[in-house]
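# Descriptive analysis of the structure
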Amino acid sequence: MKRKSIALPVLSVLILGVLSCSQPKKNNAPAYEKKIDSLISQMTLKEKVGMIHANSSFTSAGVPRLGIPEWVMSDGPHGVRPEHGRGWTLLNNGKDSSTYLPTGITLASTWNKELGYKFGTVLGSEANARGKDNILGPGVCIIRTPLNGRNFEYLSEDPYLAGQMAVGYIKGVQSQDVAACVKHYLANNQETERNTIDVEMSERALREIYLPAFKAAVEEGNVYTLMGAYNKFRGQFCTENKYLVKDILKGEFGFKGVVMSDWGAVHNTMDALMNGTDLEMGTDLTQKTPDYGKFFMGDTVIGLVKSGKVPESVVNDKVHRILRVMYETHVMGGGRKKGEINTPEHQAVALKVAEEGIVLLKNQDHVLPLKEDGLKSVAVIGANADRKNAMGGGSSQVRPPFEITPLQGIQQYLGDKVKVSYAEGYKVARGEKADPKLIAQAVKAAKSADATILVGGWIHGYGGQWSDNAFDSEGIDKPNMQLPFGQNELIQAVLKANPNTIIVMMGGGPMDMTSWVGNAKGILEAWYPGMEGGKALAEIIFGKVNPSGKLPVTFPKKLADVPAEAMGDYPGKNGKEVYKEGIYVGYRYYDSYNVAPEFCFGHGLSYTTFKYDSLQVTPGDKQATVKVKLTNTGDMAGGEVVEVYVHQEKSELKRPEKELKAFSKVFLKPGESKEVELTLPSSAFEYYNDQKHQWVLEPGKFDILVGSSSRDIRQTGTVTL
Ligand code: NOJ
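Rules and cut-offs
Residues numbered from 1 in each chain as written. Predicted model: local features only at pLDDT ≥ 70, side-chain atom pairs only at ≥ 80, totals over all residues. Heavy atoms only, no water. UniProt positions renumbered as here; feature names shortened; annotations may be inferred. Helix = DSSP H or I, 4+ residues; strand = E, 2+ residues; numbered from the N terminus. Rg over C-alpha atoms; globule rule 2.2 N^0.38 Å. Buried < 20%, exposed > 50% of the residue type's maximum accessible area, 1.4 Å probe, protein only. Contact = heavy atoms within 4.5 Å. Areas by Shrake-Rupley, 256 points an atom, 1.4 Å probe, with all protein chains shown as cover. Lys, Arg positive; Asp, Glu negative; His and termini not counted. Charge placed at Lys NZ, Arg CZ, Asp CG, Glu CD. Pairing = 2+ DSSP bridges. Axes fitted to C-alpha atoms, helices over the stretch in contact; angles between N-to-C directions. Salt bridge = Lys/Arg side-chain N within 4 Å of Asp/Glu carboxyl O. Disulfide = S-S within 2.5 Å. Core = buried A, V, L, I, M, F, W, Y, C linked by side-chain atoms within 4.5 Å. Phe/Tyr/Trp six-rings, centres within 6.5 Å; stacked < 30°, edge-to-face > 60°. Lys NZ or Arg CZ within 6 Å of the ring centre and 35° of its normal.

If you check an unreviewed UniProt entry, the chain appears there as Beta-glucosidase from Prolixibacter denitrificans. Recorded under Sequence similarities (unreviewed entry), the UniProt text for the chain is reproduced unchanged: "Belongs to the glycosyl hydrolase 3 family."

Here it is as structure tokens:
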């Protein structure tokens, strides 16, 4: 008797265990699923439809009688946007500050996945503190051309790097009970004609270049929401695109979250309803009080369901997805974390990202770091040194409690003991040419100072596309790669006056440096480094911090070298753009077609030196393990990114010369060594064969290239799979 009574429960536990293994979905379904079904069953059709379109500039409706709150969104992607209230005009009520983090391209330059997570955590916590449920970032569109006005918000020309940095960001945001929103799905790779351009690309380019970062966001990052792009893809608007949304995103990737439109990006009710758009966002700027019922996913939907043209289950699914995200983020169900804003810890993350994101491009004769010993005067030249960026660029604007400009950073770093002078050098205004008077002042300052730092580059327009001096801005692309406002003339003149001048470039990406790059000894790329950026820059210039950033994009010598120009037809013709360069984007093009860049993908110098040796590549089952020993051989502690590229020796279809498939950021003290181990999964060896319509791992020999940049390969191994 005794034995039996013990054995039975054990047996039943075993049986239950077996059952739960074979039916994971049913038994693992979160407890809220039933609550969601019950809520939906109590809702009227009107209430449901109210939830699937905007009801103010950044909210969609809830159902108060059932305890469902309004859903509140905010841009994104590098800080919580100032408040618009329910309309579109900034409230300017003094209560909408937030930490201004370095922009996406700066984050990607850190190549530090943990920093991606920390960045997201800060953003999520601040969004939560500001009453937001959903933060509209990260932006992961591939940087296809340096001219795209929103490259500063995006991450990389490389899909793997973009995906990996986005995954950390998303997990960080969502750890704070706030949904992240990966955007803009898909191919919003330019701002020129962004609302209408129809993008055509090969299936291979789609699979290998433009989809992977979104796939990683969904499958590895478990992102809760996704924003459709404004443009068209193969003839149909992206947000309501059957192939992209219904077939690939929700079908193949199994996305369970919410697909929202970009603001005003829905164009057709039936397409949106049936192809997978869950939420139509936007606002009618022409109306004082927009009638949100008139949205494509507004009152029309009620009629369509009532007349039987659209099954109610279609609407239920959209509402279900929204409620699921609300429960996952504890917007419903209780127990939501509390956020914080502008804490010293958050600012420390902003500083760290800037310190690790600024890239040392050139350091001839060890001109950097500047020695403080005996330094009595420093000339800072260039309008960018004295310009704030947080409120620029369009929808990504942020109002931080402070923003340390490069000039302030240098002044604060040096204190009273060094005289810091400032010369503007150029005037920021569209069409402005080199100004001989300003150049003469700058030259004079450079001649009379012990050291000179020139800060130039791109700028944001403060009013997005409506501004007359927008270069890195939403709604508009750069006209070319030439620095504006006569900066080339200024830089040449100042370098002549002081050949040791340190050149700092800011902005969302490369510029044509050919007229002066050969004469400059020290060049730094500082991007838009956030509210602590000026501090980070000064620490790097004077050697308190050892630079460890690496380029997430190639710096080509000139615009004509860019694949979208050389092979493609950017920005398109008659409303259509064919990505003729296919998979040959960024270094995949420069390396395969032997085009020498100014600074290659993955490049970034340090004040110390690193030695790579003892590479071992061990094959596994359709995968490989890479081990390499890294030693800091210099006399300063520093960080190095170990970059692993794969090259297939022979393949049925042509493949790029090399492709980034793994990386790791390692920090070492002088003399210290570390064995770095990285796994290359089978996907690292596959490519998309668009004749077979599938990913293939063609057996054969693969070269494993390990190095400090895409063109500074230090160790090479092979593996046969
Ligand atoms: C349009 C932008 O493309 C998108 O990134 C942003 O999130 C929305 N507007 C909302 O401001």
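After that view, the rundown keeps rolling.
This part is about the overall build of the chain. Broken down by element type, the chain carries 20 helices and 26 strands. Relative to its length of 721 residues, the chain is compact, with a C-alpha radius of gyration of 26 Å against a globular reference of 27 Å. Once the C-alpha set of the chain is aligned to its principal axes, its extents read approximately 90 × 65 × 60 Å. Looking at the chain as a whole, 62% of its 721 residues are labelled buried. Restricting the contact set of the chain to residue pairs at least 6 apart, pairs at least 24 apart contribute 76%. Summing over all exposed atoms, the chain offers an accessible surface of approximately 27000 Å²; the carbon and sulfur share of this is 53%. With 84 positive and 82 negative side-chain charges, the chain shows a spacing of 3 Å between the two charge centroids.

Turning next to the sheet that holds strand S5 (residues 179-185). Strand pairing in a sheet relies on backbone hydrogen bonds. The paired strands run either parallel or antiparallel. Read across the sheet, 7 strands follow the order S1-S2-S3-S4-S5-S7-S10 without closing on themselves; strand pairing throughout is mixed. For this open sheet the edge positions go to strand S1 (54-56) and strand S10 (258-260), each flanked by a neighbour on one side alone. Bridge count between strand S7 (residues 225-228) and S10: 3 bridges; the pairing is parallel. Note that in S10 the partner of methionine 227 across the bridge is methionine 260. Against the sheet, helix H10 (residues 242-252) touches S5, S7 and S10, its axis set at about 135° to S5.

Here we take up the pattern of salt bridges. Enumeration over the complete set of coordinates arrives at 47 salt bridges. With a closest N to O distance of 3.2 Å, arginine 336 and aspartate 133 form a salt bridge. Of the two residues, arginine 336 sits in the loop between helix H13 (312-328) and helix H14 (344-357) while aspartate 133 sits in the loop between helix H6 (113-129) and strand S4 (134-135), which places them 203 residues apart along the sequence. The class for arginine 336 is partly exposed, based on a relative accessible area of 25%. By relative accessible area, which is 4% here, aspartate 133 ends up buried. Of the charged contacts in the structure, one is a salt bridge between glutamate 659 and arginine 655, with a shortest N-O distance of 3.3 Å. Judged on exposure class, the residue glutamate 659 and its partner arginine 655 are both buried. What you see here is one network of salt bridges that share partners, running through Arg150, Glu153, Glu191, Arg194 and Glu474.

A few words on the state of the cysteines. Tallied over the full model, the rule gives 0 disulfides. No disulfide involves cysteine 141; its sulfur sits 8.9 Å from that of cysteine 238, the nearest cysteine. Judged by its relative accessible area of 2%, cysteine 141 is buried.

Tyr185, Leu186, Met201, Met513 and Trp516 are the most contacted members of the largest nonpolar core, which totals 120 residues. The leading source of residues in this core is helix H7 (residues 159-174), at 7 residues. With 49 residues, the next largest nonpolar core counts Tyr32, Leu39, Leu66 and Val301 among its residues.

Most of strand S21 (residues 659-668) is tucked away, with 8 of its 10 residues classed as buried. Where strand S20 (residues 638-648) and S21 come together, 9 bridges link them in antiparallel fashion. Bridging from a neighbouring strand, glutamate 643 pairs with phenylalanine 663 of S21.

The next point concerns the environment of glutamate 686. In this fold, glutamate 686 is placed in the loop between strand S22 (673-680) and strand S23 (687-689). Discounting chain neighbours no more than four positions away, the residues touching glutamate 686 are Arg655, Trp695, Val696 and Leu697.

Let us look at the packing of aromatic side chains. On inspection of all chains with the given rule, the structure shows 23 aromatic pairs. Ring geometry for tyrosine 426 versus phenylalanine 485: centroids 5.9 Å apart, planes at 15°, classification stacked. Here the residue tyrosine 426 occupies a position in the loop between strand S13 (419-423) and helix H16 (436-448), and phenylalanine 485 occupies one in the loop between strand S14 (451-457) and helix H17 (487-497), the gap between them amounting to 59 residues. You can call tyrosine 426 buried: its relative accessible area is 1%. Ring plane angle 75° and centroid distance 6.0 Å describe the contact between tryptophan 527 and phenylalanine 555, whose orientation is recorded as edge-to-face. Taken together, the residues span a long stretch of sequence, with tryptophan 527 in strand S16 (residues 522-527) and phenylalanine 555 in the loop between helix H18 (533-541) and helix H19 (563-566) at a distance of 28 residues. Taking relative accessible area as the criterion, phenylalanine 555 reaches 1% and is therefore assigned buried. Ring-pair connections join several aromatic residues into one group, and the members of that group are Trp111, Tyr160, Tyr587, Phe601, Tyr645 and Phe663. The ring of phenylalanine 663 is capped by lysine 113, whose NZ or CZ atom sits 4.7 Å from the centre of that ring.

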